[in-house]
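# A closer look at the structure
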Amino acid sequence: MVKLTVEGARRYTESQLLAALGQKLGEPVDAAGVEKALSILWEAFRVKADVRVRDVEGGVELKLVVVEMNVDLEPRFIGNADIDVEKLKRWALLEDKGELFLYQAERVRQRLIEGYLKEGYAFVEIDVVRRGPDVGVEEGVLPDVVFEIREGPKVRVKDVVVRGNDSMKESGMWWWKDGLVKLAKNELGGPWMFNWFGDKFVRETLDADLLAMREVYRDRGYLDAVVELEKLEFRPDRTGVVIHVIVDEGPIYKVSAIDLQAFKRVFDAKTRTIQDLPELLLFDKEELSKLFKIQVGKPFTRAVQFADSTALRDYYGARGYLAHTSLQEDFFEFLEPGLVFDPVAHEVAVTYRIAQGRKRYVREVLFQGAGHTRDRVLRREVDMLPGEVADLTKIRKSLTRLQGTSFFTDDFSPESHKDPTFAFKLTDDPDWVDLEYAVSEGKVVNFQIQGGVDSNSGIFGRLSMIMRNFDITDTPSTPWSTFSELFNKEAFHGAGQELELEFSPGTVVNSYRMRFLEPDIFGTHFDRWSLELDLFRRERRQRFFDEDRNERRVRLGHEFTRNLSGFIGYTNQNLRVTDLESNLVGLNDPDVLPLPDSVYQQEGTTNLSGATIDFSYRDVDRFNNARAGFTANWRNAVYGGVIGGDYDFVKSSIESDVFWMVGDDTQDVRPGFRLGLGAGVSDNFGDTRETPYTERFFLGGSRILRGFAYRGVGPNRGRNSLGGETYASGTLEFRYPLYSVTQPGTYKESEMFRLTLFTDAGVLGTDPWQARLDDVRWSVGFGLGMVQPFPISLNFGFPLESGDGDRRQTFSFTIFSLWF
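Conventions adopted
- For every chain, the first residue of the written sequence is number 1, and numbering continues from 1 onward in sequence order.
- Residues qualify for local features only when their pLDDT is at least 70, as the model is predicted, and side-chain atom pairs are given and counted only at 80 or more; totals for whole chains, interfaces and linings, by contrast, use all residues.
- Only hydrogens and water are set aside; all other atoms, that is, all heavy atoms of the structure, feed into the side-chain values.
- By definition, any uninterrupted DSSP run of H or I lasting at least four residues is a helix, any uninterrupted run of E lasting at least two residues is a strand, and each is numbered from the N terminus.
- With a 1.4 Å probe rolled over the protein chains alone, any residue whose accessible area is under 20% of its type maximum counts as buried; one over 50% counts as exposed, and the rest are partly exposed.
- Any two residues whose heavy atoms approach within 4.5 Å are treated as being in contact.
- For the accessible areas, the method is Shrake-Rupley and the probe is 1.4 Å, while residue cover comes only from the protein chains on display.
- Expected span, for any helix, means 1.5 Å times one less than how many residues it has.
- As used here, the arc is the angular range of directions from the helix axis to the C-beta atoms.
- Pairing between two strands requires that DSSP report at least two bridges joining them.
- A fitted line through C-alpha atoms serves as each axis, taken over the contacting stretch for helices, and the angle formed by two N-to-C directions is quoted from 0 to 180°.
- Whenever Lys or Arg places a side-chain nitrogen within 4 Å of a carboxyl oxygen from Asp or Glu, that contact is recorded as a salt bridge.
- Grouping buried Ala, Val, Leu, Ile, Met, Phe, Trp, Tyr and Cys residues that are joined through side-chain atoms within 4.5 Å yields what is termed a nonpolar core.
- Pairing of aromatic rings covers Phe, Tyr and Trp, the last through its six-membered ring, and needs centres within 6.5 Å; plane angles under 30 degrees mean stacked, over 60 mean edge-to-face, and all others mean tilted.
- The criterion for a charge sitting over a ring is simple: Lys NZ or Arg CZ within 6 Å of the ring centre, and within 35 degrees of the ring normal.
- A residue's pLDDT is the predictor's confidence in that residue, given on a scale from 0 to 100.
- Take the far helix as the reference: if the near one is turned anticlockwise from it by less than a right angle, the crossing is left-handed, and if turned clockwise, right-handed.
- Patch membership requires more than 30% relative accessible area and the absence of a salt bridge. Residues of like charge join within 9 Å; the nonpolar side chains Val, Leu, Ile, Met, Phe, Trp and Tyr join within 5 Å.
- Here a polar contact means two N or O atoms within 3.5 Å. Within protein one must be a hydrogen donor candidate and the other an acceptor candidate, and residues neighboring in sequence count only if both atoms are side-chain atoms.

### Let's talk about the overall build of the chain
- When helices and strands are tallied, the chain shows 12 helices and 38 strands.
- The proportion of buried residues among the 820 residues of the chain is 44%.
- For the chain, the proportion of contacts with a sequence separation of at least 24, taken over those separated by at least 6, is 63%.
- Carbon and sulfur atoms provide 54% of the accessible area of the chain, an area that totals close to 41700 Å².

### What to know about helix α6 (residues 203–219)
- A rise of 1.5 Å per residue sets the reference length of α6, with its 17 residues, at 24 Å; its end C-alpha atoms lie 24 Å apart and thus fit the reference within 8%.
- When we look at burial in α6, the residues that qualify are Thr205, Leu206, Asp209, Leu210, Met213, Val216 and Tyr217. Seen along its axis, α6 keeps its buried residues to an arc of 145°; they face one direction.
- For α6, the secondary structure elements touched by its buried residues are α5 (180–184), β10 (226–234) and β11 (240–248).
- Two residues or fewer past α6, Gly221 is found with a positive phi of approximately 95°.

### As for the sheet that holds strand β15 (residues 347–355)
- Within the open sheet, the four strands sit side by side as β13-β12-β15-β14. Their pairing is mixed. Of all the strands in the sheet, the pair left with one neighbour each is β13 (273–279) and β14 (333–342). The average angle at which neighbouring strand axes cross in this sheet is 35°, direction not considered.
- The sheet contact formed by strand β12 (residues 254–268) and β15 spans nine bridges and is parallel. The residue bridging Ala257 from the neighbouring strand is Ala349, located in β15.
- Against the sheet, helix α8 (residues 302–317) makes contact with β12, β14 and β15, and its axis sits at roughly 25° relative to β15, the strand it touches most.

### Quick notes on the pairing of strand β34 (residues 749–765)
- With 12 of 17 residues buried, β34 is to be regarded as a mostly interior element.
- Alignment of β34 against strand β35 (residues 777–786), held across 10 bridges, turns out to be antiparallel. Counted as the bridge partner of Phe753 is Met786 from β35.

### Focus: the sheet that holds β11
- Ordered in space as β9-β11-β10, the three strands form an open sheet in which the pairing is mixed. Taken across any chain shown, the strands that pair with only one partner, and hence form the sheet edges, are β9 (156–163) and β10. Going across the sheet, the axis of each strand differs from the next one's by a mean of 20°, ignoring polarity.
- Here β9 runs beside β11; their pairing, made up of seven bridges, is parallel. Its bridge partner lying in β11, Asp159 is registered against Val242.
- Its contacts with the sheet place α6 against β10 and β11, and it is angled at close to 145° to β10.

### Here we look at the pattern of salt bridges
- Counting across every chain of the model gives 56 salt bridges.
- The salt bridge partner of Lys285 is Asp259, with a shortest N-O separation of 3.0 Å. In this pair, Lys285 is assigned in helix α7 (residues 285–289) and Asp259 in strand β12, connecting sequence segments 26 residues apart.
- The class for Lys285 is partly exposed, based on a relative accessible area of 37%.
- A salt bridge links Arg549 to Glu547, with the nearest nitrogen and oxygen atoms 3.1 Å apart.
- Accessibility expressed as a relative area gives 3% for Glu547, which makes it buried.
- A single salt-bridge network, built from bridges that share partners, covers Glu498, Glu500, Arg513, Arg515, Glu532, Asp534, Arg553, Arg555 and Asp614.

### Quick word on the nonpolar core
- The biggest cluster of nonpolar side chains holds 23 residues, and the ones touching the most others in it are Val382, Ile395, Phe408, Phe422, Phe424, Leu435 and Tyr437.
- Put simply, the parts of the chain that give this core at least two residues each are β16 (361–368), α9 (375–379), α10 (392–404), β17 (421–426) and β18 (432–438).
- Per element, the largest residue contribution to this core is four residues, and it comes from α10.
- Of all hydrophobic cores here, the second largest spans 22 residues; its members include Met168, Leu180, Tyr217 and Ile243.

### Focus: the packing of aromatic side chains
- One pass over the full model with this rule turns up 37 aromatic pairs.
- Taking the centre distance of 4.7 Å and the plane angle of 25° together, the rings of Tyr639 and Phe649 count as stacked. Separated by 10 residues along the polypeptide, Tyr639 in strand β27 (residues 629–639) and Phe649 in strand β28 (residues 649–661) bring together distant segments of the chain. Like Tyr639, the residue Phe649 is buried in the burial classification.
- Linked through ring pairs, Phe283, Tyr315, Tyr316, Tyr321 and Phe332 together constitute an aromatic cluster.
- The ring centre of Phe263 lies 4.6 Å from the NZ or CZ of Arg353, which sits over that ring.
- Across from the ring centre of Phe758, 3.8 Å away, lies the NZ or CZ of Arg706, which sits over that ring.

### Observations concerning the confidence of the model for the chain
- Predicted confidence across the chain gives a mean pLDDT of 86, with 89% of residues reaching 70 or more.
- Confidence drops under a pLDDT of 50 for residues 135–141, and excluding neighbours within four residues, the segment shows nine contacts in the predicted structure.

### A closer look at the packing of helix α3 (residues 85–92) against helix α4 (residues 105–118)
- Contact geometry of α3 with α4 gives a least axis separation of 8 Å together with a crossing angle of 115°. Seen from above, α3 lies across α4 with right-handed handedness. On α4, the residues that touch Leu88, Trp91 and Ala92 of α3 are Val108, Arg111, Leu112, Gly115 and Tyr116.

### Concerning a nonpolar patch on the surface
- Together, Phe447, Ile449, Leu463, Phe503 and Tyr512 give the surface a local cluster of nonpolar side chains, amounting to about 400 Å² of exposed area.
- Position of Phe447 relative to the elements: it lies in strand β19 (residues 446–454).

### Looking at the side chain of Asp657
- For Asp657, the position within the fold is in strand β28.
- When near neighbours in sequence (up to four residues on either side) are disregarded, Asp657 contacts Gly629, Phe630, Thr631, Arg674, Leu675 and Gly676.

### With respect to the environment of Tyr617
- Tracing the sequence through the fold places Tyr617 in strand β26 (residues 604–620).
- Along the chain, Tyr617 and Ser656 lie 39 residues apart, while their C-alpha atoms are 9.0 Å from each other.
- With residues up to four places along the chain from it excluded, the contact list for Tyr617 reads Asn563, Leu564, Phe630, Thr631 and Ala632.

### Regarding helix α1 (residues 14–21)
- For α1, the complete set of buried residues consists of Leu17, Ala20 and Leu21. All buried residues of α1 fall inside an arc of 110° around its axis, so they share one side. The outward face of α1, more than 90 degrees from its buried face, is lined by the exposed residues Ser15 and Ala19.
- Gly22 sits one or two positions beyond α1 and adopts a positive phi of about 80°.

### Comments concerning unusual backbone geometry
- Here the bond from Gly714 into Pro715 is cis, since omega is 20°, no more than 30 degrees from zero.
- Mapping Pro715 onto the fold places it in the loop between β30 (707–708) and β31 (716–717).
- For Arg238, which is not glycine, the phi torsion reads 65° and is therefore positive.
- As for its position among the elements, Arg238 is in the loop between β10 and β11.
- Judged by relative accessible area, which is 35%, Arg238 ranks as partly exposed.
- Phi angles above zero are rare outside glycine, and Arg272 is one such case at about 55°.
- With respect to the helices, strands and loops of the structure, Arg272 is situated in the loop between β12 and β13.

### Description of the side chain of Asp534
- By secondary structure assignment, the location of Asp534 is in strand β23 (residues 529–541).
- Classification of Asp534 as buried rests on a relative accessible area of 5%.
- Among the polar contacts listed, one links the side chain of Asp534 to the side chain of Arg513, at a separation of 2.7 Å.
- Not counting residues within four places of it along the chain, the set of residues in contact with Asp534 comprises Arg513, Met514, Arg515, Glu551, Arg552 and Arg553.

Right, here's the structure in full:
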């Protein structure tokens, strides 16, 4: 090639275009390179190019002929009153480049319309006005593109009116709404407490809502149901719209027959499809059928189908036939059921279809992401052992325990932290898999400067350092590198111990604490013994005296089962009761005095020494904010006698909680109940005539028997509680989630705000093993609370049964905020 020329260049220089062409003088013409260069010229310069070759003396001449696309270096927008130019450019995908080629104008117009429609501008109109040359580029003249926008009003939904939904009529208000719209979780709705103007009207969202309502009917057996938009009723000024939906429910389909079939899934290389080949059931069909909730003659609903699929998955999963996305083949799968419809009788014959997969064994248990935590700390939480048949029930419970350690969670930013998960890795032997738990280590040092206010304890601050994955033997390499190594998990980290240091000053309570816990002192993993050392001091201004308590405690614990633990220990306490009655100065209520006699008997310094024996049972779905399961704590102590101390008495109390959820099983966040029960007794022996006043049982406050003031429940002397040597209490709560967020990297929702409806009851008896029904107190109420990132609880309690001298308190609260 002896000559290179360019024809048609206007905006770009010849050197720019020839550089993109990539051909060099004195070298042969590269035909493949020319074809590639034509694509580059279009992508980089938006020019249509052609290469012409002709023979000349001494070789060939190559001419690059280009036609440049018309371009507007700065497109303009007019008429956009509500939406600024920067947002329009983002919609148009022009924020990173100012120029617009004319052939792109119509595409940009469509993007702008879509952006306006998503913001609720249902009547938007946009025209593209072109000024300047239509083809080619005249010397010194560039085209001008103007987008003329007529936004129209922003449309808000004022109501959604549904008719024909006889089986799911709309009822209630706010959080207590029920009916088709509520069940479908429609995104479009009219004004309410937290959205005064109504949702912005978006047609795409409306179509999704209509589809969701149809699915609600399908899920409940109305297989012929039709849900359609009847009309849109716009206001005269077009700023609001009432959406009218019409429903034809049709009959509900009932189950006429039930069957269960097994298949083996085989990949067909020729058709590149999955073939389902029938095979024999591995387990007795009658035994499997007992797991089903579906019944002949009952409606065919999605909820029942989901429950049955879960039951089959768990049954097979506990026997090595695993259902998990990490397995690429031969895994258990609940296939789409076979359905035979009878439109005349409105019945459906249901055949559950399952792929049973292959029985798997665990070769190794692996951990990923725990580079700074000792392997033994992780393994002691996992029941699944190498060589065993893979059991999904065990594997999931082990995952829950890993989460419950709090080593791999972030209590203050749960929405940005990924919780532990598990997966299976295939091996050379298809019958064997490796089980791998993936974890992400949480905060190394939970250092907090906090503050809050509590109706029981007043205003308080808290300076604390908690290390939940502490290692007392892992000292820093040098004293001056302590902090860097600590926060890099290179020192005092990874052994699963717990260290807690706390200083909490307040207007009513001052407390100080130093606590250390070794959960496995002998390194036995599954048959663990724990050691706990605790130093604690609390100074509290009670209503009519000041209490200063110093406690030293040591406990040795044993894990009998994964859920049941027992503890034996020794406690020594020094109590000072001072300033009797002086705290009541200024109170004009004549019923305040006299005080209980036992308070005067305890004035001064008291020493309590005792042996403790406690039992704890915990089987819940999650460590914090449990939603399902059961917990119980039984605490016992013997003070005095051969152990020493100023008083001889025995104290025993038990508290239990039952949690269960209701509603759609497929939802992560749903309503639930909590039933709490408690009882206790304290009895003296030896020279002691009655239990010291400070060690008695009390009711009332923000945590137990709401609606009454802290320690405000009698029997009383005047308006002061005598305390009880016997007590019983109970609470029933209905918890309704108000708002939830999705955790990062998952579809899992986490509750943030909730509404609670409750009823509390309790009774105190002034003597051991005795309580009068006449002394029962009872209250009802409601509460609003924030579950995360830090707890806030606002309770409104209303006593229905009270006694003489009881101190009522309608509003009680706990506000716990994080300052640093």
